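Structural overview for review
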Amino acid sequence: MAKPGPHTIIQVALPVPLRRTFDYLPKPDTPINLLQPGTRVKVPFGKRQLIGIIHGVIPHSNYGDDNLKTITGLLDDEAALGPDLVELCRWAANYYHHPLGDVYAHALPTLLRNKDESWEEVTTRWKLTQKGRLIGLDQMGRAKRQIHALEVLREHPEGLHQPLLKGFDVEPATLKALLAKGLLDQHEDRPPRQHWRQDRILAESPLTLNEEQRYALQPIVDHEGFRTFLLEGVTGSGKTEVYLQAIHHCLQQGKQAMVLVPEIGLTPQTLHRFQNRFAVPVVSFHSHLTDRERLISWRKARNGEAAIVLGTRSALLCPMENLGMIIVDEEHDLSYKQQEGFRYNARDLAVIRAQKLGIPVVLGSATPTLETLQNARSGRYEHLTLSRRAGDAMPPQFRVLDIRQKALTHGMAPELLAEMESRLKAKQQVLVFINRRGYAPVLMCHDCGWFKECPHCDHRMTCHANPAHLHCHHCNHQLAIPRYCGNCKSTDLRPIGMGTERLEDNLTSLFPKFPVIRIDRDTTQRKQAMAKHLERIHSGEPCILVGTQMLAKGHHFPKVTLVAVCDIDAGLFAADFRATEHTAQLLMQVAGRAGRGVDQGMVFLQTHQPGHPLLQTLLSDGYGEFATELANERRLMGMPPFGYLALLRAESQDPRQASQFLNQVERWLQPMAQPFAVEVWGPAPALMPKKARRYRFQLMLRGEQRPALQQVLKQAVKKIEQDAGNRLKWSVDVDPVTLD
Ligand code: ADP
Ligand code: ZN
Ligand code: ZN
C-alpha cells in the first residue's frame, strides 16, 4: 500500500474560532488511502490534543513545510463524514462565513467530537496466541481463573467476544493478565452492517389519497434528480400522508429518506405515524437523547442501517450512506435557523444538500415563508397545493372580536366566554392561545408606576406565580418577588397584563367543572411531561387547553372545536420587519388546531385593531393573498426576498466598545461595499440593546444580488477577524430571520 511521500501535508479543520485550517504531517507508516477528507484525526495544538477533521491533502504547506507537527493519530478507518457531507460543510462554512472546524463539529455527535472512540461499532474478540495454545496448564501454578479462561478459549479456537466471555465467568481482569503474559491477543471486529429489507417496507397500508394529494404526490415520485417542491397545504390537508407515500417510493429505490420537523418532543404523534407506517428502521434525533443514544442513531444513518432519519434542525447535518429524499415539514418554522454560533438555516441547507446529491427535496407548510413562495412563484420551485382538509374535516371559521371599549372578564369578551361554555357543555375541547408564559408580563407599583427591570438586560422582569418569583425571559436571571416598590416604598405592587399562568387561574375559577391544562415551557420541561398532557387531551374529555405557541405546532386534537386568540395586537406592531409574517403564520397554525375532527371549528380573535388591513386580507382572502400583499411591501423596501441581508453583530460589557468597533468597521466597509451595490446601514443598537450584561450593536448589509453581498462579506469578515482579535465578541448572520 502506498505510504505518504515526503510531500504529503494534511489540512486539518479544528474546533477553534478561526476561519482557517492547520497543516500537519501524517505518521510515516500511514497508508495514504486512509487520509480521506472527513476522517477524524487527533493532533497536538499548543499544549492540548484536539480532535479535528481532515479537510484535504496537499503537496506543500502554505505555512512552510518546515516545523510542521505530526498528527497524533487517525481515529477512523473509514471517514466519519462522507464526501457529500464534507462538501456540504465546506459550502456552509463559506456561505455563512463561519469557522470550518465548528461546522464539521455540528455534523458529529458529541461522543465523536470529544472522544477517541471509533465511529464504527467495534467489539473486542479475545483469542489464544500460539503460546497460549501450547502452554501446559500445570505451568499456570495456582491461577485458577486464568486456567479456567484458557480452558474456555481452547474450546473456541476462533476466539470469543467480551460479552460471551462474561457468560463463561471470565472477568476482564483475567483477560488482561493473560494478555500481559502473551497468552492471549485482542482482535477488533466490526459487526456486519444490517441493511434494511427492501421486500418489506410497509407495516400498514397507506391511506387512499384524495385527488389533490394524488396530484401533489405524482410529480415528486415521477421526478428524477434534484428538484425542490413546495407542498403548500392548509392545516389538516394531509401533507404528512403525501410525505409518507413519497418516502415509500424513495425506500423502494433502496435509498434512505430524511425528514426534518420543528420539534419532536412536542409532537410525538408525528414520530409514531412514521413508526407505524414503516417496517424498516426509523431513527429519530431530538433533545431528549443521551449522547450514547445519539451516537447509535448517527451510526445507523451513516452506515445505512437506518432507512428513515427523523429529526430537528441539527439532523440535517447527519451523514447518510445513501440519501434519496429530504422533507422539511413546516418549512416556515423559526427553529430551522440556529440563532447563535453557526447561524445556519437547515431549510436552506436541505435544498443545497439535495442539489449536491441530485435528489428531490420537499418543503411543506400551510404558511410558507415569503422566500419560499417567491421561489415557487418564479418557477425555481415546483408549487404543489392542497387546498382542502383531508377526510371530512371542514375549514375553521374566523370571527374577529372587536374588544375596544368592551367590558372584559379577565381579558375575555362575553361572547367568547359564552361560546366556550356551550362548547364545553357539548363535550368539546377549547384551546386558548396566549404567547406569553408566566403570570403577568410586569409587576408594577400602583402608586408610582415603578417596575423591576432585569439588571442584565433592557427588559422588564416577568412575574411568575408558581413558584413565585421574577424571571427574565432573556437571560434567565431570577429574583424574589419584591415586597415594596423600589422607588416609593409602597407595598401596593400589582401584576399587570396576562400570562399563561394567570389565564389558567382565571379560567379555572370561571369554569370550575372543567379541567384546565396549561402547556408552556414551564409545564413541559420534565421528560414525559408533554406526553402526559397530550394523553389527557387525546382521551377526549371536555377541557380547556391554555398555552403558548407550543400548542400551535402540528398537533392533531380532533376534539378541539374552538380556538381563542386573546391578543394578537402585539404581533401586528412589532419592530422587526418580519414580525407581521411571523404573526400571520402563528395565527394560521393556531387556528389550524380547530375542528380537525367531525365538528366544525371556530376561531375567535380578540383585537383592538379590527380594521388592520393585513389582518383583513389574511382572514377574508387567506394566507396566499396576505403573503402577496406583504411581498409587495417588501419589494418596495428591497427587503427579502427582494434583496439579501446580512448582519454584523458585536457586543461588549463596556457600553462603548462594541459601538465604537462597528463604527470603525462601517467607515472602511462603506467604500468597500459601494462598488458591489451593497448598502451598509448602522451601526444601530440591537432590538434588545442590552442582554445578559452585554451591550449589543449591529450593522446591516443589504445587497440586490446574493453573490455581490457574499463577496463583500468575505472581504469584510477576513478583515474583522484580524482587527477584532480576542477583544470583542462579534458574529456574522447571513439571511437573518430576526433583527434582534
Ligand atoms: P397536515 O400534515 O397537512 O396537517 P395530516 O397529514 O396530519 O395533515 O392529516 C390530517 C388528518 O387527515 C389526519 O388524521 C390524517 O390521517 C387524515 N388524512 C390524510 N389524508 C387522508 C386521506 N387521503 N383520506 C382520509 N384521511 C386522510
Ligand atoms: Zn435578563
Ligand atoms: Zn412606587
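Residues numbered from 1 in each chain as written. Chains lettered and ligands numbered in written order. Predicted model: local features only at pLDDT ≥ 70, side-chain atom pairs only at ≥ 80, totals over all residues. Heavy atoms only, no water.

Right, let's get into the overall build of the protein. Of the regular secondary structure elements, the protein holds 22 helices and 30 strands. Whereas a compact globule of 740 residues would reach a radius of gyration of roughly 27 Å, the protein reaches 30 Å, a difference of no more than 12%. Based on the C-alpha atoms only, the size of the protein along its principal axes is roughly 100 × 65 × 65 Å. For the protein, the residues scored as buried account for 53% of the 740 residues in total. (Helix = DSSP H or I, 4+ residues; strand = E, 2+ residues; numbered from the N terminus. Rg over C-alpha atoms; globule rule 2.2 N^0.38 Å. Buried < 20%, exposed > 50% of the residue type's maximum accessible area, 1.4 Å probe, protein only.)

What follows is about the sheet that holds strand E7 (residues 160-161). Read across the open sheet, the three strands follow the order E7-E6-E8; overall the sheet is antiparallel. Each edge of the open sheet is held by one strand with a lone partner, namely E7 and strand E8 (184-189). Across the sheet, helix H5 (residues 144-155) touches strand E6 (123-128), E7 and E8, and the angle it forms with E6 is around 95°. Contacting E6 and E8, helix H7 (residues 172-180) crosses the sheet at an angle of about 115° to E8. (Pairing = 2+ DSSP bridges. Contact = heavy atoms within 4.5 Å. Axes fitted to C-alpha atoms, helices over the stretch in contact; angles between N-to-C directions.)

Distances from the zinc ion (ligand 3) to its protein donors, Cys445 (SG), Cys448 (SG), Cys485 (SG) and Cys488 (SG), fall within 2.3 to 2.4 Å. Here the zinc ion (ligand 3) binds four donor atoms, and the angle range of 105 to 115° at the metal identifies the geometry as tetrahedral. When the donors of the zinc ion (ligand 3) are listed by position in the chain, the intervening gaps give C-x2-C-x36-C-x2-C. With Cys448 in the loop between strand E18 (442-445) and strand E19 (462-465) and Cys488 in the loop between strand E21 (478-479) and strand E22 (493-496), this pair connects stretches of sequence that are 40 residues apart. (Donors = N, O, S within 2.8 Å, 3.2 Å for Na, K, Ca; no water. Tetrahedral: all angles 85-135°; square planar, octahedral: opposite > 155°, others 65-115°.)

The subject of this paragraph is the sheet that holds strand E14 (residues 360-365). Overall, parallel pairing links the seven strands, which are arranged E11-E12-E10-E13-E14-E9-E15 in an open sheet. Two strands close off the open sheet at either side, each with one partner strand: strand E11 (282-285) and strand E15 (382-386). Within the sheet, the average angular offset between the axes of one strand and its neighbour, ignoring direction, is 20°. Taken together, the three bridges between strand E13 (residues 323-328) and E14 define a ladder with parallel strand orientation. Directly across from Ile326, in E14, lies its bridge partner Val361. Contacts from helix H8 (residues 211-222) reach strand E9 (227-233), E13, E14 and E15, with the element oriented near 155° to E15.

Note on strand geometry: in a regular strand, side chains alternate between the two faces of the sheet. For strand E30 (residues 729-734), the buried fraction is high: five of the six residues fall into the buried class. Pairing geometry for strand E27 (residues 644-652) and E30, over six bridges, is antiparallel. Looking at the pairing, Leu647 lines up with Asp733 of E30.

What follows deals with a negative patch on the surface. There is a patch of like negative charges on the surface, built from Asp621, Glu625, Glu629 and Glu633. Ranked by residues supplied to the negative patch, first place goes to helix H20 (residues 623-637) with three residues. (Patch = residues over 30% accessible without salt bridge, like charges linked within 9 Å, V, L, I, M, F, W, Y side chains within 5 Å. Areas by Shrake-Rupley, 256 points an atom, 1.4 Å probe, with all protein chains shown as cover. Salt bridge = Lys/Arg side-chain N within 4 Å of Asp/Glu carboxyl O. Lys, Arg positive; Asp, Glu negative; His and termini not counted. Charge placed at Lys NZ, Arg CZ, Asp CG, Glu CD.)

A few words now on the coordination of the zinc ion (ligand 2). Surrounding the zinc ion (ligand 2) are the protein donor atoms Cys454 (SG), Cys457 (SG), Cys472 (SG) and Cys475 (SG), which sit 2.2 to 2.3 Å from the metal. Geometry at the zinc ion (ligand 2) is tetrahedral, judged from the four donor atoms that bind it and their angles of 105 to 114° at the metal. For the zinc ion (ligand 2), the donor residues sit on a single chain with the sequence spacing C-x2-C-x14-C-x2-C. Exposure remark for Cys472: the relative accessible area of 0% places this residue in the buried category.

When helix H15 (residues 500-510) is considered as a whole, its buried residues turn out to be Thr500, Glu501, Arg502, Leu503, Asn506 and Leu507. Looking at the buried side of H15, the elements it contacts are helix H14 (414-425), strand E17 (429-433), E19, E22, strand E23 (516-519) and strand E24 (544-547).

This paragraph deals with the site of ligand 1. Around ligand 1, 16 residues are found, and the nearest of them are Thr208, Gln213, Gly236, Lys239 and Thr240. Within the side chain of Gln213, an N or O atom sits 2.7 Å from a nitrogen atom of ligand 1. Contact distances for ligand 1 include 2.9 Å between an oxygen atom and a backbone N or O atom of Lys239. Isolated, ligand 1 exposes 560 Å² of accessible area, and the fraction of that covered by the protein chains is 76%. The leading source of residues in the shell around ligand 1 is helix H9 (residues 239-252), at three residues. Among the residues making up the shell around ligand 1, the classes are represented as four nonpolar, eight polar and four charged. (Near = heavy atom within 4 Å. Polar contact = N/O pair within 3.5 Å; in protein donor to acceptor, adjacent residues only side chain to side chain. Nonpolar A, V, L, I, M, F, W, Y, C, P; charged D, E, K, R; others polar.)

Moving on, we come to the nonpolar core. Of all hydrophobic cores here, the largest spans 115 residues; its most connected members are Leu81, Trp298, Leu316, Ile326, Leu545, Leu669 and Leu701. When near neighbours in sequence (up to four residues on either side) are disregarded, Trp298 contacts Ala80, Leu81, Ala107, Leu108, Pro109, Leu112, Trp119, Phe285, Cys318 and Pro319. Formed by 33 residues, the second largest nonpolar core is a distinct cluster that contains Val242, Ile247, Met325 and Leu386. (Core = buried A, V, L, I, M, F, W, Y, C linked by side-chain atoms within 4.5 Å.)

Moving on, we get to the environment of Asn322. Residue placement: Asn322 occurs in the loop between strand E12 (308-311) and E13. Considering only alpha carbons, one finds Asn322 and Gly254, 68 residues apart in sequence, at a separation of 8.3 Å. Those residues in contact with Asn322, other than ones at most four positions away along the chain, are Gly254, Lys255 and Gln256. A polar contact is formed between the side chain of Asn322 and the backbone oxygen of Gly254, at a distance of 3.3 Å.

Glancing now at the domain arrangement of the protein. Splitting the protein by domain gives domain 1 (9-114), domain 2 (123-189), domain 3 (211-386), domain 4 (397-440 + 497-634) and domain 5 (644-734). A straight line from the C-alpha centre of domain 2 to that of domain 3 covers 49 Å. (Domains from an automatic or database assignment.)

Along the chain, Lys527 turns up in the loop between E23 and helix H16 (529-538). Judged by relative accessible area, which is 52%, Lys527 ranks as exposed.

Counted at 1.5 Å a residue, the expected span for H8 with its 12 residues is 16 Å, and the 17 Å between its end C-alpha atoms agrees. Capping of H8 at its N-terminal end is provided by Asn210; its side-chain oxygen lies 3.2 Å from the backbone amide nitrogen of Glu212. (Expected span 1.5 Å × (residues − 1).)

Counting through the fold element by element, Arg347 comes out in helix H12 (residues 346-357). Here Arg347 falls in the buried class, since its relative accessible area comes to 7%. A polar atom in the side chain of Arg347 sits 3.4 Å from the side chain of Thr372. Ignoring sequence-local partners within four residues, the contact set of Arg347 consists of Val328, Glu331, Tyr336, Leu363, Thr369 and Thr372.

Contact geometry of helix H19 (residues 613-621) with H20 gives a least axis separation of 6 Å together with a crossing angle of 150°. Considering their axes alone, H19 and H20 lie roughly antiparallel with respect to each other. Within the contact between the two elements, H19 uses Leu614, Thr617, Leu618 and Asp621 and H20 uses Tyr623, Glu625, Phe626, Glu629, Leu630 and Glu633. (Parallel < 35°, antiparallel > 145°, perpendicular 65-115°, else oblique.)

On to unusual backbone geometry. Of all residues except glycine, most have a negative phi; of all peptide bonds, most are trans. Omega for the bond connecting Pro640 with Pro641 falls within 30 degrees of zero, at 5°, which places this linkage in the cis form. Along the chain, Pro641 falls in the loop between H20 and E27. Cis peptide bonds are those with omega within 30 degrees of zero, and the linkage from Gly682 to Pro683 qualifies with 5°. Looking at the element boundaries, Pro683 is found in strand E28 (residues 678-691). Of note in the backbone geometry, Glu330 takes a positive phi value of approximately 50° without being a glycine. Secondary-structure assignment places Glu330 in the loop between E13 and H12. Here Glu330 falls in the buried class, since its relative accessible area comes to 12%. Positioned with a positive phi, Ala692 is a non-glycine residue whose angle comes to about 50°. Following the sequence through the fold, Ala692 ends up in the loop between E28 and strand E29 (694-703).

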